Each structure stands twice: as C-alpha cells, then as structure tokens.
Amino acid sequence: MASSLTKDSPSSGEKTFFGHPRGLATLFMTEMWERFSYYGMRALLPLYLIAPGGLDMDAGTATAIYSVYLSLVYLLAMPGGWFGDRVWGPRKTVAIAGGVIMLGHLTLALPSEGTFFAGLGLVAIGSGLLKSNISTMVGHLYDGPEDPRRDGGFTIFYMGINMGAFAAPLVIGTVGENVNWHLGFALAALGMGLGVVQFLMGTRHLNERSLVVPKPLSKDERAATLRKSMIWLGVAAVFYIGTVVTGVYTLNWLLVPITIAGLVIPVMVLTRIKRDKELSASEQSKMTGYIWFFVAAAIFWMIYDQGGSTLSIFAESSAENSVFGWDFPVSWYQSVNPVLIMALAPVFAAFWLALNRRGKEPSTIVKFSSGLVLVGASFFVFLMPLTIAGDGHKAAAMWLVAIYFIQTVAELTLSPVGLSVTTKMAPEKYASQMMGVWFLAVTAGDCTTGLLSLAGVELNGTGVVALEATLAVAAGIAIFMYRGKVKKLMGEVR
C-alpha cells in the first residue's frame, strides 16, 4: 500500500488512495461525514427527547421514538437501493440523499416539536437512499469480485464509517449537551454539507458505471409506480388529517403503525422469497436455513441497539459519568463502540486467519451463536449497575464501558458473518435484494424494542433486562445445539 494518501501508481502514473482507486477517497470522505452527522444526531436524540430543555418526554416514549427512527433507516435501505437501480442511478441517488440528510438536520435545528419529527423523517429517508448506493459505488471502482484490492478497499471504506462515528459524539454531543441542543443538530447539518461538497467535487474520480441506471423503469412502470405512490400517500394524508381534525391524534398514531410495519414487512419479504416456485430445491433449503440466522440477528440487534437508548438514558440519570474526577457528556459513551471497532477489527481478522491456517477456524454457525451469547452476557453485566442504582447510588462509568466492550466483541463475531452468510445463501434471483433483507433483521429488532416501550414496558427494569439477556443466550445455545440441522439446510455453504 502507498504510504501517503495520494501517490503515483507505478503502473499507470495515476494518483491512488492508499494504493486504491482515487475515487475511494471521495466515497471514504462522503461516508465519514455522513456517519459524523448521523451518529452525532443519534447520540443527542434520546437525551434531547428526555431533557427538560428539550422535548421533556418520558424514557419509554423516547426509547420508542429512537427505536422507530433506527428501524426506519434500515427499512428504507431497500427502497433506497431500488431508486438507485431503477430511477436515478447510484451517483445521483447519493448526491440527492446527502442533500436530504442535510435538510433534515437543519430542520431538527429549528426549535419546534413539529419540525423536529419532520427532520427525523428527512434524515431517515436520506440515510436509506445513501446507505444502499454508496457501497455499490465502492464496488464499481474495482475490476469485478476477483480484483485483489476489493476487500482492502471496503476495509478502508468502513474505517471511514467508524472515524465519523467516533468523532461525532465528541464534537456534536459536547456542543448539544453543554451549549445548545439545536446548535448540535446544526453541526450535524454542517458535517453532511461538507460531505456533499467534497462528493460533488470528487465525482470525476468515480467509475462511470455509477452514473448508469442498471434497470431503468419503463414509461408504463414509472406511471404505475407514481400512481400507486400517490394513492398510498393520499390515504395516509386523509387518515392523519382526520385524526388531527377529530382531536384523537397522539404520537402513538404515528409510532405504532411504523413499528407494526417494521415487524410485518420482514415476514412478508421472507415469505415471498421462500414461496417463489422458481427457486431450486437447494435454494429453498438455504432460505429455510437463513431464517434461523435472520431471527437470531433480530434478537441480537434488539439488544445491541439499546446501547444508544436504554443504556444512554440510564447513564443520564443513574451513572457517575466521570473518570478520575473529570466529568464528561453522556453522549460520549457512543464513541466507545467505534473506537473499539477500529482497535479490535484487525485483531479479529488476524485471529480468524491464524485459526484458519491451523484448520481450527470456527464455523459460521459457531461464530453466530457466540455473538448472541455475548450480547446476552452484556445485559447480564447491565444488571450490576442497575442494582447499584436501585440502592440509591450512582453506577461507575466503567460498568457501561464494559457493556459496550462486550457488545463490540459480539458485533465483530456476528455482524461480518451475517453479511457474508447473506451473500452466500442468497438465491441467484434475489442476489441484489438479500442485503436489504439482512438490514430488515435490524428493523425487526428495533421495532420489537419500540413496541415494548409503547406498551409501557420499563426497559431499564432488572426483570426485563434479565429476560432479554436470557433470550439472547438461549437463542445462541439453540443455534449451536441445532447446528447439524442448520448445516444440512445450508448445503455447501460453510
């Protein structure tokens, strides 16, 4: 690899980015700034919702809103990919997405509850559009799946994600908590704005394929899609205007349908694929096996994503947020995971490679079950600070750091494996759609959390935390115990 960001390639004389195509720098910086804005806003979100100077909501409602927001981001990744494939092409979709995200953050910066929720919606829409298409453009930079630089390019790209995620709570979180909430959201808009500017300036380095619409809609398809969209939009508008006019509207009229949709849509998508008669017997078997992984992943993300809501709200009220007498903002906890990812990801990669050379690398199923057991263990650890707080004391910050550490190890064990097994087990007909199906597991997990919160379940209660922890550990053990059956369903996939 090159020792500088841009260096002449000895073979072509063209400048490279750490030995990779120059366009990777453009996409790296775009993703870094987008993640900076996204994770900065996300770190502030639950704290702003419960703050007396914010929206002053109860913890249950705040957790429900946070969970619904996360679920929407991943749910909208599927239509976002559809727009890139059928309407605008990846490059145009990402440029528009960046503008929508920036507008969303600016809307969040306005001191009004109505504009706040409109801003959340815009950020979710923009993130869904961008998420599916920017990774596609990274792939376009290389000469097909066999290009030896491809995996390294994606590794560098994902480092940009974690760099943005690490810096965001430290900057945006500090300003939002200590200076002004809305100024914090405005900083998130500035970050996305910088990302959009450098993306537009660097588009000349991107592959021309990113301009192409792979499967453009025909004139009839475009008209039919627009007509159906307007009908559904009209139905929703009439319904919600009716609830407002009759005086029965509450926030639950918005949150409950989204959470139910977030649970129903994944089931419908999996059922549709599973019942497709065009799939071979082998593909049908793999899809049956994949459902095991999907359900387990939903349980994993249900617990993992509470790191930004349940744990953050607990830290705000019941933790001693200081180190050696130095106080720090609660939002800084959200920087723990990305810095640990950057530190531990190379270690895990080297560890799996070393085991593979000795013929001792754990199978996909063992890794997956280990991730579930670990994320469950993190919530068993959570019982300790909950007990300390229950006795009227403040829990030490290191308890929360320990929980985030265990969850990060669990993520590194399960998440890359989940992405890999999704691509390996995908039926050929649905190869490009299956990554969106994987994201739906996140949607299902977050929507489960949202429904529990809306139902009045206290997610910071020791009984609920213990139940969730037990569920994850039991799911991990179940997958391990039935690994023979799952392996058989997976066919040649290992």
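The coordinates are above.
Now for a look at the structure at hand. (Residues numbered from 1 in each chain as written. Predicted model: local features only at pLDDT ≥ 70, side-chain atom pairs only at ≥ 80, totals over all residues. Heavy atoms only, no water.)

Remarks on the side chain of N321
As for its placement among the helices and strands, N321 is situated in the loop between β4 (319–320) and β5 (322–323). The class of N321 is buried, set by a relative accessible area of 12%. Here the side chain of N321 touches A315 through a polar contact of 3.0 Å, landing on its backbone oxygen. Dropping the residues within four chain positions of it, N321 is found in contact with A315, W326, D327, F328, V330 and Y333. (Helix = DSSP H or I, 4+ residues; strand = E, 2+ residues; numbered from the N terminus. Buried < 20%, exposed > 50% of the residue type's maximum accessible area, 1.4 Å probe, protein only. Polar contact = N/O pair within 3.5 Å; in protein donor to acceptor, adjacent residues only side chain to side chain. Contact = heavy atoms within 4.5 Å.)

Remarks on the nonpolar core
Ranked by internal contacts, the top residues of the largest apolar core, which has 106 residues, are Y69, F116, L120, Y290, Y333, F368 and L400. When residues of this core are assigned to their parent elements, the largest contribution, 12 residues, is made by helix α10 (residues 281–304). Beyond its immediate stretch of four places on either side in the chain, Y69 contacts Y38, M41, L45, L120, V123 and A124. Listed in part, the 23 residues of the second largest apolar core include F17, M137, F154 and L206. (Core = buried A, V, L, I, M, F, W, Y, C linked by side-chain atoms within 4.5 Å.)

Considering empty space enclosed by the protein
If you roll a probe as big as a water molecule over the atoms, it shows you where there is empty space left. Tallied over the full model, the rule gives 2 cavities of 30 Å³ or more. One number sums up the size of the second largest cavity: a volume of about 30 Å³. Around the second largest cavity sit Y66, S67, L70, M302, D305, Q306, S309, D446 and T449, which together line it. If you list the elements that add at least two residues to the lining of the second largest cavity, you get α2 (59–75) and α15 (434–454). Element by element, the count of residues in the lining of the second largest cavity is highest for α2, at 3 residues. A breakdown of the residues in the lining of the second largest cavity according to their chemical character gives 3 nonpolar, 4 polar and 2 charged. (1 Å grid on protein atoms, 1.4 Å probe; cavity = no way out; pocket = protein on both sides within 12 Å on 5 of 7 lines; lining within 4 Å. Points joined across faces, edges and corners; volume = space filled by probe spheres on them. Nonpolar A, V, L, I, M, F, W, Y, C, P; charged D, E, K, R; others polar.)

A few points about the pattern of salt bridges
Applying the stated criterion to the full structure yields 3 salt bridges. Between E221 and R86 there is a salt bridge, and its shortest N-O distance comes to 3.0 Å. Here the residue E221 occupies a position in helix α8 (residues 219–245), and R86 occupies one in helix α3 (residues 77–86), the gap between them amounting to 135 residues. Take E221: its relative accessible area is 35%, and that puts it in the partly exposed class. E361 is paired through a salt bridge with K367; the nearest N and O atoms lie 2.6 Å apart. Judged by its relative accessible area of 29%, E361 falls in the partly exposed class. The class of K367 is buried, set by a relative accessible area of 9%. (Salt bridge = Lys/Arg side-chain N within 4 Å of Asp/Glu carboxyl O.)

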